[in-house]
Amino acid sequence: GDGPLRLQLIVRPQTPVERAFTAEISRSHARLLMRDAAGTEAEIGSAPMPTDCSDPTRIELIQADYRVTLRVAGRDLIQTTPGQFAPDLPFLLNAFTTMEKLPKPRISLTAERQEAELSHISIWRDVYFTNRERGTGDNITIRNRPQPLPAGWGTPENFPRRIIHLGPDEYFTCGDNSLISGDGRYWNAPIDLPHENLRVEAGRVPGRFLLGKAFFVYWPAGFRPIPGQAVPAIVPNFGRMRFIH
């Protein structure tokens, strides 16, 4: 058929108003549209399709780091610019200070005047780390003595002054509870082993230090047997146990 396949992403994590981004895919052409709060829709850009989709084709609509990208068959066809879509910093800081819960993004897939098969549909999201407030809880006990944890890498407080850059075969650790984890954001000592020709900057783990690979989530959370009481959550959340692909 000659009708478009539409992928739509409605977001409001960056600005006080919603933004709707729609990717329109046809056999020969692709467009990326943006609709503002007033309902006005404008074309961000267009590009010829790298394939006619007669064979299985991977299509991705991505919103990450304040940039929306339409990717087809592994190629970035259209992207927004900072002038078209950017964070509202005062709004974000106020929402963080007041602990306002912002609405979750919404997605939709629609098609018309065509016959198509959709498979392997998946939704991916990035990992958001909660940042500690300065002077509250910024310590970890080492050898029975509380040690201060100054703001380190990759925290909103020092962004973008101390972005962490990983070298070949280097990794960044993420704690399971970002409010209390002494993860890679708070590591200040580099690894310096001159006799092994190994030098890694602070906040990073060399690949040779990794002993295995996680393959199963066993204890993601627990149920409290007596709701509302200070009883340990000793019952595993079996519904969230899963293999890691």
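Attention here is on the structure that accompanies the text. From a predicted model like this one, the values you see are computed outputs, not experimental measurements.

## Some points on the overall build of the chain
Next, step 1: Counting its secondary structure elements, the chain contains one helix and 18 strands.
Next, step 2: Across the 245 residues of the chain, 27% fall into the buried class.
Next, step 3: For the chain, the share of sequence-separated contacts (at least 6 apart) that also reach a separation of at least 24 residues comes to 44%.
Next, step 4: If you sum the accessible surface of the chain, you get close to 17600 Å²; carbon and sulfur atoms cover 55% of it.

## Remarks on a nonpolar patch on the surface
Next, step 1: Residues Phe215, Phe216, Tyr218 and Phe243 make up a contiguous nonpolar surface patch of roughly 490 Å² in combined accessible area.
Next, step 2: As for its placement among the helices and strands, Phe215 is situated in the loop between β14 (205-206) and β15 (216-217).
Next, step 3: By relative accessible area, which is 56% here, Phe215 ends up exposed.

## Thoughts on the sheet that holds strand β1 (residues 5-11)
Next, step 1: Strand order in the open sheet formed by five strands is β4-β3-β2-β1-β8, and the pairing between neighbours is antiparallel. Because the sheet does not close on itself, it has two edges, and the strands there are β4 (41-48) and β8 (106-111). With strand direction ignored, the average angle separating the axes of adjacent strands in the sheet is 15 degrees.

## What to know about unusual backbone geometry
Next, step 1: At Cys53, a residue that is not glycine, the phi angle is positive and equals roughly 65 degrees.
Next, step 2: Tracing the backbone shows Cys53 in the loop between β4 and β5 (59-64).
Next, step 3: Classification of Cys53 as partly exposed rests on a relative accessible area of 31%.
Next, step 4: The backbone of Asp169 shows a phi angle near 60 degrees, a positive value even though the residue is not glycine.
Next, step 5: Its location among the elements puts Asp169 in the loop between β10 (145-148) and β11 (170-171).

## Remarks on the pattern of salt bridges
Next, step 1: Scanning the entire structure with this criterion turns up 14 salt bridges.
Next, step 2: Measuring nitrogen to oxygen at the nearest pair gives 3.0 Å for the salt bridge that ties Glu24 to Arg31.
Next, step 3: For Glu24, a relative accessible area of 14% puts it in the buried group.
Next, step 4: The partner of Arg113 in a salt bridge is Glu112, and the shortest N-O contact between them spans 2.8 Å.
Next, step 5: Judged by relative accessible area, Glu112 falls into the partly exposed class, the value being 32%.
Next, step 6: The structure contains a network of salt bridges with shared partners spanning Asp2, Arg6, Glu24, Arg31, Glu43, Glu112 and Arg113.

## Some words on the environment of Ala37
Next, step 1: By the element assignment, Ala37 lies in the loop between β3 (29-35) and β4.
Next, step 2: Exposure remark for Ala37: the relative accessible area of 57% places this residue in the exposed category.
Next, step 3: Along the backbone, Ala37 and Ala20 are 17 residues apart, and their C-alpha atoms lie at a distance of 8.6 Å.

Criteria and thresholds
- Residues numbered from 1 in each chain as written.
- Predicted model: local features only at pLDDT ≥ 70, side-chain atom pairs only at ≥ 80, totals over all residues.
- Heavy atoms only, no water.
- Helix = DSSP H or I, 4+ residues; strand = E, 2+ residues; numbered from the N terminus.
- Buried < 20%, exposed > 50% of the residue type's maximum accessible area, 1.4 Å probe, protein only.
- Contact = heavy atoms within 4.5 Å.
- Areas by Shrake-Rupley, 256 points an atom, 1.4 Å probe, with all protein chains shown as cover.
- Patch = residues over 30% accessible without salt bridge, like charges linked within 9 Å, V, L, I, M, F, W, Y side chains within 5 Å.
- Salt bridge = Lys/Arg side-chain N within 4 Å of Asp/Glu carboxyl O.
- Pairing = 2+ DSSP bridges.
- Axes fitted to C-alpha atoms, helices over the stretch in contact; angles between N-to-C directions.

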